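Residues per chain are reported as follows:
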Amino acid sequence: MSSLFFWKDWSRGYRLAYLICFIAFIVSIVLFAVAWIRGLSNVVRWDVLSELNELPIIQHTFSDGLLDYSVKGKAYAVSEQFIAGAMQTHPGLATAFLSAICLAFVLLLSAITRFDRIRYLVSMGILILGLAFFRWEMLGLPGLGGNYLFLLLTFVFGSVSYYFHAFRADQLIPVRLVTFGLLMAAVALAIGALSPVKFPALVVVSYGMPVLLVFSIGFIFFIATEIIAGLVWLTSAGRSEGDVPVGQRRVLGLNNFLFISALYLVNLILIWLKNTKSIDWDVLAISPFILYLISVVLGVWGFRRLVQQQDSISFRDAGAYLYAGLALITTLTITYAFATANDPLVEMFEDVIVYTHLAMGVVFIAYILINFLPIYTENLPVYRILYKPKRLELSLFRVAGVFGIAVLLASGGLITFRQGVAGYYNGLGDVYTATGEPQSANAFYQLALEQEFQNHKSNYALASLAVAQNNQTAAAFFYQQALLKQPQPQDYAGLSQTYLQTNLFFEAVKTLQRGIRAFPKNGELQNNLGYLYARTSVADSAYYYLKSATGLAAKSEVPEANLLSFYVRNPKVLAADSSLIKTSRDLSYESYQSNVLALRLLTQADTTQPQKPNWLATEQVEAGLSVGRFASLYNYTLATKRADTSLTSLLLRLSADPVNQDFTDDLLLARAVAEYTNHNHPAAFSLMSQLAEGDDKNGPAYRSLTGLWLMEQGLYRKAAETFGYNTDTTSIYFHAMALTKANDPALAQPLWEAVAKSDPAVAALKEVLYQERKPQTDLEKAFYATYRTDDPNRGAYWETVQEPSLKTVAGVALTNDFLDQLQWRNAQLVLSGLPNSKQVSPVATSLRNVVAIRLSAFRRSVGSAETMAREFILPHYQAERDYWLGQTYERTRRIAQARQAYRQALALAPLNARIVTAAAQLDQQQKKFQPAYELVLTALPFNEDNADLLKTYVMLCLELSLPDYAENGLAKLQSATTLADYQAFVLTYQGKLASIEKNKEKFLQ
């Protein structure tokens, strides 16, 4: 173990310095492995392209107990496909890489200064020569054009190096490392600060890549013998057993060494033959990069053994740091090739590793057999004298290895050299891509293709540039070229997308099918193919591929969202298997949540409060909405039944932001829905009017929703006016119903007749309503009893109704009519004849309980009213409950309780004329004229035919000294009430006006 952790016997300073280098070496290996595993993902990420799909739904519905009313609207489902992103460049990666290279050069400079004179001069000459080829002039430093910067760097580092070598040889290696490190940092900071180029590190790395490649190739050649040397140690090292002589130890021996070495060489030969296309076997061979990693790790101890046995340099003072520096340069250069997906460089390194290890492996075995065969046969530890040959020096065999490598290179037509050149041009293309110069980038990538026309990086980068310029034809060509040699899933996705952009749908499908055959476990391609099938009638294939993608895609939430989108756009699939709805998972992904809400809106099966999208509940909401966020926000607003002022505030802010202009109308609609849910009905109707105005396409839909809301709030005249702008059959039917509910059957008759021509059910109701025949069914009888208020005998039909809910609703209508006529005994009789509430619908139960509270108010029975108010009443009828409870309190002189009840009723129905009138009159009695006036003024535009509200308005105008407004209100009252009622109010009005004038005169006196 002492030889394994050889540095533990060094002094503290040396040990610390070497451990830092060793840690950097280990980190480089880890980065190497990560970049290798990630492959093309290092520079090409999977983006997600979201698409909104309109989904027809029932947007709003309500029931009056007899009939159901609903209007159609739309929800949004989100479908998504994976898009292979453009080839990215990472200047930050180049900066980190250059920083590590600087560290490696610090190690090399520090080690070289400990060499003897000849080795020092040769080594410094190599470093200076490499420095000369870094193209420093490309940095454009002011006053240091041409070779001046190179000469300055040579002088600075050369003089410091020579100082340590010639004058301060006594300085310890840690001092040299710190000195060169600080000097390197100062130079790097100065260059970075002075250089006008955008990414100086990227420029230096890209233009200096040939130097790094030469250093890396030299190092790979140097360590190519380490695996064979390791096998020598493995087969010649043994453990002594007691007093057994060294030569009689138990070792694996020469035969095992030759056998294992032969397997190793056969592996290399198979890789070489496969790479040169000499064979096309699907052989299982160890990757050359694994061989490199094994070699570079073994070299830590192998190089130490070499310098110790040859006694050339001190390993502690120089050798350790020389090896660490070269290992860092080589490992990180290969890592950078992986990280930039520069496949020509990757293939070049692969060939270099194979050629060097194969050639040097053969000659090194020959070296061992020639020099140490007798020692091997005697089972002696050959590794201890491996670099002390008795016959031929290792350098001779290295020369032979160089010739062997040259032969192997020539056998491949120098493709390895051309790949290196192509990789260099690719790096320059990255420079100009990063700096936003596509024409220059395109030129360098084309030069790379001239060297290696099948290289993936150049073709994909050119395809990315073509897509950016919207040249889909060129993009398709380069994607096809990228598929020739090293196809990747991103290539198939990119090619498919170009076909979609040029309306070649079936070509896009075929491309994805080819991609899945090549990469059967790629979830992104599976998702995209399922996405395309979902746009056709091939539902089974769409389901199959989307379901398969959920377990394979890195972002599994995308196919999960697509599955839900597929369900909501294919109701027949849901109808065939309703259990699919229950497969929804609790994912925080916005598109998935929007589709969950869309499914809820479509099925209308779940009446519970929907879950708020996570991004709304937990994150700071940004001004710009993505497709997924917009859809989830819109669908949630339609689905929620809970008042939420923060939601309306958010919708206001988002709809006002220009960045969301593509969603403006939908955000306004969602805001209107949210305001209606918050019972801010004036704001909701104002927004809907704004949307409908000037929108010929969507205006009828907006007016239909507005009309239904108005009818639900009992604003029948306003609803009829709104429906009157539409010409569709449903709107005409709603128009007729609104006028019928407003007790104007004469005006509604032509509308009923128009709809009856195309709808037998409506025709039947029309015939009953206009006494063309007697009602027969329970619905017809209840309908007649409810709306034919001019027939005093309609109660006889009501008594024959058998269906409990219909009987209850019609009975409530009769009860209200009797109470309007102050016939409370008849009302009580009808109410007592209603069916048991357990047998009727929630709407009928609510209506029954509300009218019971009204009867209690008429009788001034507070206890009875409060008892009935605690009974079940749907939210839609709670405003009426609070109003009649307030009437009970007011009639029994409980003014504070009455005011509270009215406030609760107003919060739910701020436009209800009866509620507003009662609340305003109570405030008027309390001399609170301004609040009362504001209440009436809000409700009046929606109730201009309500006589009581107009009377209250006129009187409040007089109280607030607004005589002109009072005159206008009086004029409107004349057309809203009977002549007798109007004349009676005029007397009251004149008396009030005279009283005001009299008080004014007294004040002036």
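Our subject is the structure listed above.
Predicted, not measured: the structure shown is a model, and the values here were computed from it.

As for helix α33 (residues 745-756)
Part 1 of the argument: For α33, every residue scored as buried is listed here: Ala-748, Leu-751, Trp-752, Val-755 and Ala-756. An end-on view of α33 places all buried positions within 135° of arc, on one side of the element.
Part 2 of the argument: The inward-facing, buried residues of α33 contact α32 (729-741), α34 (760-769) and α35 (778-787).

Digging into empty space enclosed by the protein
Part 1 of the argument: Taken as a whole and judged by the stated rule, the model has four cavities of 30 Å³ or more.
Part 2 of the argument: Approximately 90 Å³ is the volume attributed to the largest cavity.
Part 3 of the argument: In terms of lining, the largest cavity is formed by Leu-202, Val-205, Ser-206, Met-209, Tyr-336, Thr-340, Asn-342, Leu-345, Gly-423, Tyr-424, Gly-427 and Asp-430.
Part 4 of the argument: Listed by contribution, the elements that provide at least two residues to the lining of the largest cavity are α6 (200-207) and α14 (415-434).
Part 5 of the argument: Ranked by residue count, the leading element in the lining of the largest cavity is α14, at four residues.
Part 6 of the argument: Residue classes in the lining of the largest cavity are distributed as six nonpolar, five polar and one charged.
Part 7 of the argument: In this model, the second largest cavity occupies a volume close to 70 Å³.

Regarding a nonpolar patch on the surface
Part 1 of the argument: Together, Ile-286, Ile-290, Ile-294 and Leu-298 make up a nonpolar patch on the protein surface, roughly 300 Å² of accessible area in all.
Part 2 of the argument: Assignment of secondary structure puts Leu-298 in helix α10 (residues 288-310).
Part 3 of the argument: Here Leu-298 falls in the partly exposed class, since its relative accessible area comes to 33%.

Let's talk about the packing of aromatic side chains
Part 1 of the argument: Under the defined criterion, the tally for this structure stands at 58 aromatic pairs.
Part 2 of the argument: Measuring from centroid to centroid gives 5.7 Å for Tyr-424 and Tyr-425, while their planes differ by 45°, and the two rings are tilted.
Part 3 of the argument: Ring geometry for Tyr-883 against Trp-884: centres 4.7 Å apart, planes inclined by 65°, an arrangement best described as edge-to-face. Side by side, Tyr-883 and Trp-884 carry an identical accessibility label, which is buried.

A short note on the layout of surface pockets
Part 1 of the argument: The computed volume of the second largest pocket comes to approximately 1,200 Å³.
Part 2 of the argument: As for the second largest pocket, its lining consists of 35 residues, and the residues nearest its centre are Asn-275, Glu-347, Glu-350, Lys-485 and Gln-486.
Part 3 of the argument: Tallying contributions element by element places helix α12 (residues 343-377) first for the lining of the second largest pocket, with six residues.
Part 4 of the argument: Here the lining of the second largest pocket is built from residues that sort into 15 nonpolar, eleven polar and nine charged.

Some remarks on the nonpolar core
Part 1 of the argument: Core analysis: the largest hydrophobic core is formed by 327 residues, its most contacted members being Tyr-321 and Trp-752.
Part 2 of the argument: Here this core gets 19 residues from one element, more than from any other, and that element is α12.
Part 3 of the argument: Excluding residues within four positions of it along the chain, Trp-752 makes contact with Tyr-733, Ala-736, Met-737, Thr-740, Val-762, Leu-765, Lys-766, Leu-769, Tyr-770 and Phe-783.

Focus on helix α5 (residues 173-194)
Part 1 of the argument: Compared with the 32 Å implied by 1.5 Å per residue over 22 residues, the 31 Å span of α5 between its first and last C-alpha is a close match.
Part 2 of the argument: Of all the positions in α5, only Ile-173, Arg-176, Leu-177, Phe-180, Met-184, Val-187 and Ile-191 are classed as buried. With its buried residues spanning 105° around the axis, α5 presents them on a single face. Opposite the packed face of α5, turned more than 90 degrees from it, sit the exposed residues Val-178, Leu-182, Leu-189 and Ala-193.
Part 3 of the argument: Looking at the buried side of α5, the elements it contacts are α1 (12-38), α2 (91-112), α4 (148-167) and α11 (315-339).

About the cut-offs
- Residues numbered from 1 in each chain as written.
- Predicted model: local features only at pLDDT ≥ 70, side-chain atom pairs only at ≥ 80, totals over all residues.
- Heavy atoms only, no water.
- Buried < 20%, exposed > 50% of the residue type's maximum accessible area, 1.4 Å probe, protein only.
- Helix = DSSP H or I, 4+ residues; strand = E, 2+ residues; numbered from the N terminus.
- Arc of directions from axis to C-beta.
- Contact = heavy atoms within 4.5 Å.
- 1 Å grid on protein atoms, 1.4 Å probe; cavity = no way out; pocket = protein on both sides within 12 Å on 5 of 7 lines; lining within 4 Å.
- Points joined across faces, edges and corners; volume = space filled by probe spheres on them.
- Nonpolar A, V, L, I, M, F, W, Y, C, P; charged D, E, K, R; others polar.
- Patch = residues over 30% accessible without salt bridge, like charges linked within 9 Å, V, L, I, M, F, W, Y side chains within 5 Å.
- Areas by Shrake-Rupley, 256 points an atom, 1.4 Å probe, with all protein chains shown as cover.
- Salt bridge = Lys/Arg side-chain N within 4 Å of Asp/Glu carboxyl O.
- Phe/Tyr/Trp six-rings, centres within 6.5 Å; stacked < 30°, edge-to-face > 60°.
- Core = buried A, V, L, I, M, F, W, Y, C linked by side-chain atoms within 4.5 Å.
- Expected span 1.5 Å × (residues − 1).

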